[in-house]
2 protein chains.
Amino acid sequence: MSIPSEPNPDLLEPVKVALTPQQRFNDYLQSRSMRNTEQRRSVLDCVFKQHDHFDAEQLLERLPAKGEPGHVSRPTVYRTLGEFVDAGLLRKFVLDGRSVYEHDYGYPQHDHLYCIKCEKLIEFQSEELLKLRDEVANSHQFQVRSHRLIISGVCQDCRKGRRRVRRKVDLI
Amino acid sequence: MSIPSEPNPDLLEPVKVALTPQQRFNDYLQSRSMRNTEQRRSVLDCVFKQHDHFDAEQLLERLPAKGEPGHVSRPTVYRTLGEFVDAGLLRKFVLDGRSVYEHDYGYPQHDHLYCIKCEKLIEFQSEELLKLRDEVANSHQFQVRSHRLIISGVCQDCRKGRRRVRRKVDLI
DNA sequence: TTGAATGCAAAGGATTTGCAGAGGC
DNA sequence: GCCTCTGCAAATCCTTTGCATTCAA
């Protein structure tokens with residue numbers, strides 16, 4: 001399953017979708033006469049096995065090691081992640097100099113709080129923000145395609161916990 | 001002068017500040033026993049001569065060429081930009097894989113519309129956004145340090161003008 | 001069979017670093 | 001004079017690319 005069934009207060013409600021990510025990706029491949037390879041299947045399974053944010057490096061560590069079945073090389077991981085973004089399965093954004101990916105398909109639009117101490121990403125949804133975004137765009141005759149809001153600061157846990165680590169430069 | 005005096009509808013109203021960027025940077029240097037070098041002066045003048053967004057490459061092109069007085073090497077430009085960010089003179093954010101800088105000192109908080117066609121950045125201010133940001137943070141017991149909102153799309157000029165260029169991946 | 005996909009090694013672009021010499025204070 | 005700064009060259013990090021080989025359809 002692609003969507004965790006355990007209730008988790010940190011996760012937003014999944015959106016109802018007709019197809020599994022696998023089925024949707026198959027459609028995407030067929031529509032472009034691309035091939036359903038073992039590597040693409042392996043990466044897709046790995047990506048949708050857990051719901052979290054990850055970068056290419058983390059995905060590589062999570063995939064089977066070299067020599068194991070299901071192993072995928074670094075260039076292919078990068079290529080495949082780009083395909084998932086194109087296919088609408090993943091969204092990509094940049095944090096601290098590297099690309100971070102998150103589930104898009106079957107998951108609602110949202111934005112993030114980013115803890116500069118523990119680097120945790122906390123998701124939140126805001127209708128109001130969308131309205132505000134569209135109003136601003138309208139007033140500039142600007143046609144919106146997407147937006148990205150990241151609020152940086154210190155999360156609840158890190159405020160309570162050990163002393164705060166000060167960084168020289170914000171990461172966003 | 002650091003703040004342009006010509007009225008420009010695309011610029012927000014400058015904030016009243018007691019010191020010039022030069023004076024403020026001198027204070028910063030002295031407070032850290034850092035030195036007021038010709039290179040730092042040259043970069044500072046260049047950066048505050050015009051109000052716009054720029055990256056390290058563009059700044060290098062704008063600075064005097066190698067051999068000319070006021071020339072600054074690439075590593076020093078990078079080092080100096082970091083100091084300006086620390087000193088609160090500049091803000092930095094990442095767009096399309098490179099770091100972009102803009103005036104912070106003497107300039108009000110704002111966010112951006114980003115045209116994915118002509119790569120223009122349009123500034124806007126929204127009290128409402130700040131309120132919304134603080135509400136969201138509050139509800140997560142999150143201590144805000146900063147935020148970054150970029151709305152991507154197509155600007156007025158590019159909508160009217162020539163046909164739109166489609167990109168494979170959004171840049172934010 | 002045949003074009004698409006993979007893995008390797010190598011390139012790429014932006015940024016950073018080690019270090020010897022230059023230069024503020 | 002001391003200690004910071006600079007410039008150079010080289011390294012680093014993340015990501016992409018060229019190309020011969022492998023493989024799905």
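Residues numbered from 1 in each chain as written. Chains lettered and ligands numbered in written order. Predicted model: local features only at pLDDT ≥ 70, side-chain atom pairs only at ≥ 80, totals over all residues. Heavy atoms only, no water.

Peer 1: Describe the protein's contact with DNA strand C, with residues and values.
Peer 2: Near DNA strand C lie 19 residues; those nearest to it are Arg35(A), Gln39(A), Ser73(A), Arg35(B) and Tyr78(B). For DNA strand C, the backbone portion of the atoms within 4 Å of the protein, that is sugar and phosphate, comes to 63%. Contact distances for DNA strand C include 2.8 Å between a base nitrogen and a side-chain N or O atom of Arg79(A). Counting only elements with at least two residues in the surface near DNA strand C, the list comes to helix 2 (38–49) and helix 4 (74–86) of chain A together with helix 4 (74–86) and strand 3 (98–103) of chain B. (Near = heavy atom within 4 Å. Polar contact = N/O pair within 3.5 Å; in protein donor to acceptor, adjacent residues only side chain to side chain. Helix = DSSP H or I, 4+ residues; strand = E, 2+ residues; numbered from the N terminus.)

Peer 1: Mind laying out the interface of chain B and chain A, listing which residues take part and the relevant values?
Peer 2: Each partner contributes residues to the interface: chain B has 43 residues there, and chain A has 43 residues. For the pairing of chain B and chain A, the buried interface totals around 4,000 Å² over both sides, and the portion due to carbon and sulfur atoms is 60%. One can count zero salt bridges joining chain B with chain A. The tally of links between chain B and chain A comes to 10 residue pairs in polar contact (both at pLDDT 80 or more). Contributions of two or more residues to the side of chain B that touches chain A are made by strand 2 (90–95), strand 4 (111–115), strand 5 (121–124), helix 5 (127–139), strand 6 (143–154) and helix 6 (156–160) of chain B. Here the side of chain B that touches chain A gets 12 residues from one element, more than from any other, and that element is strand 6 of chain B. Looking at side-chain class alone, the side of chain B that touches chain A contains 21 nonpolar, nine polar and 13 charged residues. Relative to strand 6 of chain B, strand 6 (residues 143–154) of chain A runs antiparallel, the two being bridged by 11 bridges. (Contact = heavy atoms within 4.5 Å. Buried area = accessible area lost by both parts, 1.4 Å probe. Salt bridge = Lys/Arg side-chain N within 4 Å of Asp/Glu carboxyl O. Nonpolar A, V, L, I, M, F, W, Y, C, P; charged D, E, K, R; others polar. Pairing = 2+ DSSP bridges.)

Peer 1: Account for the relation of the copies chain B and chain A, with residues named and values stated.
Peer 2: Between chain B and chain A, which share one sequence, the superposing operator has a rotation angle of 179° and an axial displacement of 0.0 Å; the RMSD is 0.1 Å. Accordingly, the operation relating the two chain copies is best matched by a two-fold axis. The position closest to the rotation axis in chain B is occupied by the C-alpha of Leu149(B), lying 2.2 Å away. By residue overlap, the copies meet face to face through one surface: 100% of the interface positions of chain B are interface positions in chain A. (Least-squares fit on C-alpha atoms with pLDDT ≥ 70 in both.)

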